[in-house]
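Fold and geometry: a report
Here is what each chain is made of, one letter per residue.
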Amino acid sequence: QVQLAESGGGLVQAGESLTLTCTASGPDFTGYALGWFRQAAGREREFVAAMTWSGGSNYAGNLSYRFTLSRDSSKRTLYLQMSDLKPEDTAVYYCAAAEFYSNGWSFSADVWGQGTQVTVSA
(Lines give C-alpha, C1' and ligand atoms only; values in the text may rest on other atoms or scores of the structure.)
Protein backbone atom coordinates (compact mmCIF):
# COMPACT_ATOMS: atom_id res chain seq x y z
CA GLN A 1 0.00 0.00 0.00
CA VAL A 2 1.54 3.29 -1.15
CA GLN A 3 1.41 6.15 1.33
CA LEU A 4 2.37 9.77 0.76
CA ALA A 5 3.59 12.44 3.12
CA GLU A 6 3.99 16.10 2.23
CA SER A 7 6.08 18.73 3.95
CA GLY A 8 7.44 22.20 3.34
CA GLY A 9 4.34 24.35 3.36
CA GLY A 10 4.20 27.65 5.20
CA LEU A 11 3.59 31.37 5.09
CA VAL A 12 5.66 33.44 2.70
CA GLN A 13 5.47 36.87 1.14
CA ALA A 14 4.74 37.49 -2.50
CA GLY A 15 7.84 37.07 -4.63
CA GLU A 16 9.47 34.58 -2.28
CA SER A 17 10.20 30.92 -2.91
CA LEU A 18 9.18 27.68 -1.24
CA THR A 19 9.95 24.02 -1.83
CA LEU A 20 7.45 21.27 -1.10
CA THR A 21 8.50 17.68 -0.53
CA CYS A 22 6.50 14.54 -1.10
CA THR A 23 7.81 11.21 0.13
CA ALA A 24 6.28 7.92 -0.90
CA SER A 25 6.46 4.78 1.20
CA GLY A 26 5.24 1.25 0.71
CA PRO A 27 6.61 -1.92 -0.85
CA ASP A 28 4.86 -1.72 -4.25
CA PHE A 29 5.81 1.74 -5.47
CA THR A 30 7.68 0.76 -8.61
CA GLY A 31 6.20 2.36 -11.71
CA TYR A 32 4.11 4.98 -9.93
CA ALA A 33 4.10 8.59 -11.07
CA LEU A 34 4.02 11.37 -8.49
CA GLY A 35 2.34 14.72 -8.85
CA TRP A 36 1.05 17.81 -7.11
CA PHE A 37 -2.44 19.24 -6.97
CA ARG A 38 -3.71 22.27 -5.08
CA GLN A 39 -7.01 23.41 -3.73
CA ALA A 40 -7.73 26.99 -2.80
CA ALA A 41 -10.55 27.84 -0.42
CA GLY A 42 -13.89 27.57 -2.17
CA ARG A 43 -12.40 26.15 -5.35
CA GLU A 44 -11.99 22.72 -6.85
CA ARG A 45 -8.76 20.82 -6.61
CA GLU A 46 -6.58 21.46 -9.64
CA PHE A 47 -3.58 19.81 -11.22
CA VAL A 48 -0.24 21.57 -10.72
CA ALA A 49 2.48 19.30 -12.03
CA ALA A 50 3.52 15.67 -12.26
CA MET A 51 6.48 13.51 -13.10
CA THR A 52 6.26 10.15 -14.80
CA TRP A 53 8.17 7.14 -13.53
CA SER A 54 10.67 7.63 -16.38
CA GLY A 55 11.22 11.27 -15.42
CA GLY A 56 9.09 13.28 -17.80
CA SER A 57 7.52 16.38 -16.27
CA ASN A 58 4.23 18.04 -17.04
CA TYR A 59 2.92 21.34 -15.71
CA ALA A 60 -0.43 23.06 -15.72
CA GLY A 61 -0.70 26.19 -17.83
CA ASN A 62 2.23 28.57 -17.39
CA LEU A 63 3.31 27.25 -14.01
CA SER A 64 6.51 25.86 -15.51
CA TYR A 65 7.83 29.42 -15.59
CA ARG A 66 7.76 29.54 -11.78
CA PHE A 67 7.46 25.92 -10.60
CA THR A 68 10.02 23.14 -11.07
CA LEU A 69 9.76 19.45 -10.31
CA SER A 70 12.67 17.29 -9.29
CA ARG A 71 13.13 14.02 -7.45
CA ASP A 72 15.77 11.97 -5.75
CA SER A 73 17.48 8.91 -7.17
CA SER A 74 15.12 6.51 -5.39
CA LYS A 75 12.17 8.09 -7.25
CA ARG A 76 10.28 8.09 -3.96
CA THR A 77 10.76 11.75 -3.12
CA LEU A 78 9.36 14.47 -5.34
CA TYR A 79 10.15 18.13 -4.87
CA LEU A 80 8.15 21.09 -6.08
CA GLN A 81 10.24 24.24 -6.16
CA MET A 82 8.01 27.29 -6.32
CA SER A 83 9.46 30.71 -7.04
CA ASP A 84 8.03 34.20 -7.41
CA LEU A 85 5.01 33.10 -5.42
CA LYS A 86 1.81 35.09 -5.75
CA PRO A 87 -1.18 35.41 -3.44
CA GLU A 88 -3.20 33.38 -5.94
CA ASP A 89 -0.87 30.44 -5.26
CA THR A 90 -2.35 30.22 -1.76
CA ALA A 91 -3.87 26.76 -1.38
CA VAL A 92 -3.54 23.39 0.23
CA TYR A 93 -1.05 21.45 -1.86
CA TYR A 94 -1.59 17.72 -2.17
CA CYS A 95 0.83 15.09 -3.32
CA ALA A 96 -0.68 12.31 -5.42
CA ALA A 97 0.48 9.02 -6.89
CA ALA A 98 -0.81 7.34 -10.01
CA GLU A 99 -0.06 3.79 -11.03
CA PHE A 100 -0.61 4.59 -14.70
CA TYR A 101 0.51 7.94 -16.05
CA SER A 102 2.42 9.09 -19.06
CA ASN A 103 3.15 12.38 -20.79
CA GLY A 104 0.01 13.89 -22.24
CA TRP A 105 -2.30 11.87 -20.03
CA SER A 106 -4.66 13.22 -17.43
CA PHE A 107 -3.30 12.43 -13.98
CA SER A 108 -5.71 10.04 -12.30
CA ALA A 109 -4.57 9.72 -8.72
CA ASP A 110 -4.74 6.40 -6.92
CA VAL A 111 -3.30 7.70 -3.66
CA TRP A 112 -3.44 11.11 -1.99
CA GLY A 113 -1.41 12.73 0.73
CA GLN A 114 -2.91 14.75 3.56
CA GLY A 115 -1.91 18.10 2.10
CA THR A 116 0.26 20.99 3.20
CA GLN A 117 -0.86 24.60 3.44
CA VAL A 118 0.89 27.27 1.41
CA THR A 119 -0.08 30.85 2.16
CA VAL A 120 1.31 33.77 0.19
CA SER A 121 0.76 37.22 1.61
CA ALA A 122 0.65 40.30 -0.59
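Residues numbered from 1 in each chain as written. Predicted model: local features only at pLDDT ≥ 70, side-chain atom pairs only at ≥ 80, totals over all residues. Heavy atoms only, no water.

Considerations on the overall build of the chain
Operational definition: Strands are runs of DSSP state E lasting at least two residues, helices are runs of H or I lasting at least four, and both sets are numbered from the N terminus onward. C-alpha atoms define the radius of gyration in this analysis, and the globule rule sets the expected value at 2.2 Å times the number of residues to the power 0.38. Throughout this description, buried means an accessible area under 20% of the type-specific maximum (1.4 Å probe, protein chains only), exposed means over 50%, and partly exposed covers the range between.
A tally of regular secondary structure across the chain gives zero helices and 11 strands. Relative to the 2.2 N^0.38 estimate, which gives 14 Å for 122 residues, the radius of gyration of the chain is 13 Å and therefore close to what a compact globule would have. Principal axes of the C-alpha set define a box for the chain whose edges measure 40 × 30 × 25 Å. Every one of the 122 residues in the chain was classed for burial, and the buried ones make up 39%.

What to know about the packing of aromatic side chains
In this description, a pair of aromatic rings is defined by centroid distance and the angle of the planes. Condition: Only centres within 6.5 Å qualify two rings of Phe, Tyr or Trp (six-membered ring in Trp) as a pair; their planes then separate them into stacked at under 30 degrees, edge-to-face at over 60, and tilted for everything else.
The full count for this structure, using the stated rule, is eight aromatic pairs. With 5.5 Å between their ring centres and 80° between their planes, Phe37 and Phe47 make a pair best called edge-to-face. Taken together, the residues Phe37 in strand β4 (residues 33-39) and Phe47 in strand β5 (residues 46-51) connect sequence positions 10 residues apart. Judged by relative accessible area, Phe37 falls into the buried class, the value being 9%. Residue Phe47 is classed as partly exposed on the basis of its relative accessible area, which comes to 24%.

Remarks on the sheet that holds strand β1 (residues 3-7)
What counts here: The criterion for strand pairing is that DSSP finds at least two bridges linking the strands in question. Angles here are taken between N-to-C directions and fall from 0 to 180 degrees, while the axes themselves are lines fitted to C-alpha atoms, restricted in helices to the stretch in contact.
Spatially, the four strands line up as an open sheet ordered β1-β3-β8-β7, and their pairing is antiparallel. One side of each edge strand has no neighbouring strand; the edge strands of this open sheet are β1 and β7 (67-71). Sheet twist, expressed as the average angle between the axes of neighbouring strands with direction ignored, equals 20°. As paired elements, β1 and strand β3 (residues 18-25) share five bridges and run antiparallel to each other. In the strand pairing of β3, Ser7 is matched with Thr21.

Some thoughts on the pattern of salt bridges
Rules: Just to be clear on terms, a salt bridge is a Lys or Arg side-chain nitrogen sitting within 4 Å of an Asp or Glu carboxyl oxygen.
Within the structure shown, the criterion is met by four salt bridges. Put simply, Asp84 and Lys86 hold a salt bridge, and the shortest N to O gap is 3.4 Å. Overall, the relative accessible area of 37% leaves Asp84 in the partly exposed class. Using a relative accessible area of 28% as the deciding quantity, one classes Lys86 as partly exposed. Connected through shared salt-bridge partners, Arg38, Glu46, Arg66 and Asp89 make up one network.

Examining the state of the cysteines
To keep things clear, this is the line we draw: Two cysteine sulfurs form a disulfide in these notes if their separation is within 2.5 Å.
Under the defined criterion, the tally for this structure stands at one disulfide. Here Cys22 engages in a disulfide with Cys95; their sulfurs sit 1.9 Å apart. Taking the torsion about the S-S bond as the criterion, the Cys22 to Cys95 disulfide, at about -70°, is left-handed. A residue pair is termed long-range when its members are at least 10 positions apart, and Cys22 in strand β3 and Cys95 in strand β9 (residues 91-98) qualify at 73 residues.

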